[in-house]
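What follows is the residue order along each chain.
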Amino acid sequence: MPRFLLAIPLAFLLYFFALTATGLITPDEPRYASISREMARSGDWITPRLWGEPWFEKPALLYWMEAAAFRLGLSDDLAPRLPNALAGVAFLIFFYWILHREFGDPAAAYATTILATSAAWLAFSHIGTTDLPMSAAFAAAMLLSLGWLERGDRRWLPVAAALLGAAVLAKGLVPLVLAMPLAWMGRHRLLDWFRPTVIAAFAVVALPWYVLCFLRNGRPFLETFFWQQQFARFVTPERAHGQPFWYYVPVLIGALFPWIPALVPIARHSLYTDTRRRFLLAWVLFGFLFFSASRNKLPGYILPLVPVLAALAGIALADAKRSRWVLVTAAALLVLLGPIAAILPTALAAGISRSPLPPFHWTWLLPALAAVAVWYLDRSGSRGAAIALLATAITAGVAGIELRSFPEIDRVASARPLWNAVAPVRDQVCVASLHRSLRYGLNYYSVTPLPDCHQQPREIEIMQEPGQPPRLVSAVAIPAAFH
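Per chain, residue numbering runs from 1 following the sequence as it is written. It should be noted that, the model being predicted, local features are given only for residues of pLDDT at least 70 and side-chain atom pairs only at 80 or more, the latter also being counted only at that level, while totals for whole chains, interfaces and linings use all residues. As a convention, hydrogens and water are excluded, and side-chain values are obtained from all of the structure's heavy atoms.

**Q** Explain the overall build of the protein to me, using residue names and the numbers behind them.
**A** Helix and strand counts for the protein stand at 22 helices and five strands. In summary, the protein has a C-alpha radius of gyration of 23 Å against a globular reference of 23 Å for 483 residues, a match within 12%. Projected onto the principal axes, the alpha-carbon positions of the protein cover approximately 70 × 60 × 40 Å. Throughout, exposure labels follow a simple rule: accessible area from a 1.4 Å probe, protein chains only, divided by the maximum for the residue type, with under 20% read as buried, over 50% as exposed, and the rest as partly exposed. The buried share among the 483 residues of the protein stands at 53%. Carbon together with sulfur atoms contributes 67% to the accessible area of the protein, which is approximately 21400 Å² in total. Positive and negative side-chain charges of the protein, numbering 40 and 28 respectively, have mean locations separated by a distance of 8 Å. Labels follow the DSSP assignment, with helices taken as runs of H or I lasting at least four residues and strands as runs of E lasting at least two, numbered in each case from the N terminus. Our radius of gyration is a C-alpha quantity, and the globule rule it is checked against amounts to 2.2 Å times the number of residues to the power 0.38. Surface accessibility in these figures is a Shrake-Rupley result with a 1.4 Å probe; residues are shielded only by whichever protein chains are displayed. Charged residues are defined here as Lys and Arg on the positive side and Asp and Glu on the negative side; His and the ends of the chain fall outside this count. The atom standing in for a charge is NZ when the residue is Lys, CZ when it is Arg, CG when it is Asp and CD when it is Glu.

**Q** I'd love a proper account of unusual backbone geometry, names of residues and values included.
**A** Across residues other than glycine, the phi torsion is negative in most instances, and most of the peptide bonds are trans. Look at the link from Phe 257 to Pro 258: it is a cis peptide, with omega at 0°. With phi around 60°, Ala 18 is a residue other than glycine that occupies positive phi space. Turning to its location among the elements, Ala 18 is positioned in the loop between helix H1 (2-15) and helix H2 (28-42). If you check the backbone angles, Trp 51 has positive phi at about 50° while not being a glycine. Here Trp 51 lies in the loop between strand E1 (49-50) and strand E2 (53-54).

**Q** Account for the state of the cysteines, naming residues and giving values.
**A** The rule for a disulfide is simple: a pair of cysteine sulfur atoms within 2.5 Å. Within this structure, the stated rule accounts for one disulfide. Across the disulfide from Cys 430 sits Cys 453; the S-S distance is 2.0 Å. Disulfide Cys 430-Cys 453: the torsion about the S-S bond is 100°, which places it as right-handed. You can see Cys 430 sitting in strand E3 (residues 429-431) and its partner Cys 453 sitting in the loop between helix H22 (436-446) and strand E4 (460-463), a full 23 residues away along the chain. Cys 453 matches Cys 430 in its accessibility class, with the two residues each being buried.

**Q** Describe in detail the environment of Ala 90, supporting the description with residues and values.
**A** Among the structural elements, Ala 90 can be located in helix H4 (residues 82-103). Owing to a relative accessible area of 44%, Ala 90 belongs among the partly exposed residues under this scheme. Linking Ala 90 and Ala 136, residues 46 residues apart in sequence, is a C-alpha distance of 9.0 Å.

**Q** Which residues make up the pattern of salt bridges, and what are the values?
**A** Side chains that carry opposite charge are capable of pairing whenever their charged atoms lie near each other. Salt bridges, as used here, are contacts in which a Lys or Arg side-chain nitrogen is within 4 Å of a carboxyl oxygen on Asp or Glu. Evaluated as defined, the whole model comprises 21 salt bridges. For Asp 28, the salt bridge goes to Arg 31, with nearest N and O atoms at 2.2 Å. Here Asp 28 pairs with Arg 31, and both are found in helix H2, just three residues apart, close to one helical turn. By relative accessible area, Asp 28 is classed as partly exposed at 24%. For Arg 154, the salt bridge identified is with Asp 192, shortest N-O distance 3.5 Å. Linking Arg 154 in the loop between helix H8 (146-151) and helix H9 (157-171) with Asp 192 in the loop between helix H11 (180-185) and helix H12 (196-217), this pair joins segments that are 38 residues apart in sequence. Note on Asp 192: relative accessible area 12%, which makes it buried.

**Q** Mind laying out the side chain of Thr 113, listing which residues take part and the relevant values?
**A** Considering the arrangement of structural elements, one finds Thr 113 in helix H5 (residues 105-116). Given a relative accessible area of 18%, Thr 113 falls into the buried group. The contact definition used throughout considers only heavy atoms, calling two residues in contact when any of these lie within 4.5 Å. Discounting chain neighbours no more than four positions away, the residues touching Thr 113 are Trp 259, Ile 387 and Ala 391.

**Q** Could you give an account of the packing of aromatic side chains, with specific residues and numbers?
**A** When the centres of two rings from Phe, Tyr and Trp lie within 6.5 Å, Trp using its six-membered ring, the rings pair. Their planes under 30 degrees apart give stacked, over 60 give edge-to-face, and anything left gives tilted. Inspection of the entire model under this criterion finds 24 aromatic pairs. With a centroid separation of 6.5 Å and an interplanar angle of 75°, the aromatic rings of Trp 209 and Phe 225 are classed as edge-to-face. Pair noted here: Trp 209 is in helix H12 and Phe 225 is in helix H13 (residues 219-235), with a separation of 16 residues, a long-range link. Just as Trp 209 is buried, Phe 225 falls in that class too.

**Q** Explain the sheet that holds E3 to me, and be specific about the residues and the numbers.
**A** With mixed pairing, the three strands of this open sheet are ordered in space as E3-E4-E5. Where the open sheet ends on each side, the last strands, each with one partner, are E3 and strand E5 (471-473). Across the sheet, the mean angle separating the axes of adjacent strands is 30° when strand polarity is ignored. Strand pairing is assigned whenever DSSP identifies at least 2 bridges connecting the two strands. In terms of strand pairing, E3 meets E4 through three bridges, oriented parallel. Paired with Cys 430 across the bridge in E4 is Glu 461. Angles run from 0 to 180 degrees between N-to-C directions of axes, and those axes are lines fitted to C-alpha atoms, restricted for helices to the stretch in contact.

**Q** I'd like a rundown of the side chain of Thr 395, residues and numbers included.
**A** Assignment of secondary structure puts Thr 395 in helix H20 (residues 383-413). If sequence neighbours within four positions are ignored, Thr 395 has contacts with Leu 10, Leu 13 and Leu 14.

**Q** Explain the pairing of E4 to me, and be specific about the residues and the numbers.
**A** The alternating pattern of E4 places Ile 460 and Ile 462 on a buried face, while none of Glu 461 and Met 463, on the opposite face, is buried. By the criterion used throughout, a crossover qualifies as right-handed when its path from the first strand across the helix to the second strand runs clockwise, the strands pointing away from the viewer. Between the parallel elements E3 and E4, the chain passes through H22 in a crossover that is left-handed. Relative to E5, E4 is paired through three bridges, and the arrangement is antiparallel. Paired with Glu 461 across the two strands is Val 473, which belongs to E5.

Here it is as structure tokens:
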């Protein structure tokens, strides 16, 4: 019970505190939110529409989640984000339960702590994109299949199939490809997945929206969604997200920050003593190779591998007689939170390559005290207490980033302050030049997009030079809210 009493405030601070402290960021988040808001307004739950035009790049699950939040009356900033935050926490509860069932309490507790406080799971639970719903549904389906893989237990297969269908409804065909290690390792009893109840559970979740969207929109839906977004995105560089084959090595390592040292023990051959553990390893390796082979790469693509890495790390920690160096090193890495907080706003607004290193400040070293305390607790035989202290230190560091960096992120990476300045005179404003991310955000907050200046000149122009903040150019007075 004390463990769960600690988990509740930590979960709140990690996943819900300052959830709307920044406006929507990146091109995707305001774009998906615009589609969801229109879905809620129009009542058309089949055809996604972006500013009046059909938009078939992603399937419907995220839109439905966010549209339901809009229907409940949540604000323009909270409605796109709360569903993913809730989904992230709900998965953590499931994650603990399933790992406790399969691997025991210590492994479940350690793995859940690692996942809950890892950089990637936290980040994608804070923004309204499709990566978190797909990853949570897919990982839940795979983990529910562990009993079938190890013991031939078919009871949970219909639920696993429904969750796999939800993953397909979240992001398309990729989850079916990622499930190939499960099919291969369970090939001797694979017909269990073709039982009527299992097939029906998958079909009733995954297929209706695809069928209805095709019947309503025809060939353009098939060409855009399946060819351009599913196949061409993998085999051609036309999406302009090309990266080298090794791109996901640093991305996947960073995704587990600050638990990067916990990746080392999972390389031990002796860890893989049964089919379930070997499947978890195959899941990581196959998924990593699959995503690395894609011509287009974005950091969020790798998110489905983060839960399984956390599971393996938790199992390895539970098995290890000595793991002090892992915990102490992870705690020591928290000294990087200071510089991360300093560079994060610029990295989100202009890219990490354009983020200058900040000058050193002695407060960055304060987390070293946590490393000393973790060392002492683990040395005293209280590994659970050491991990709880480390989780608390991470939570404090995350809250510090939210308090220190989020206001600046809102200012430089979100269009919300720009819209607050423009809103009183919106009928006099046009957009001359604006970064893609801010343009999508501005269109979201304005509901009806402001016109381009070359098509519809107005008294006030929004202009942005590369690497500079946007500015309003006019002979009339500019609202004082925008600086």
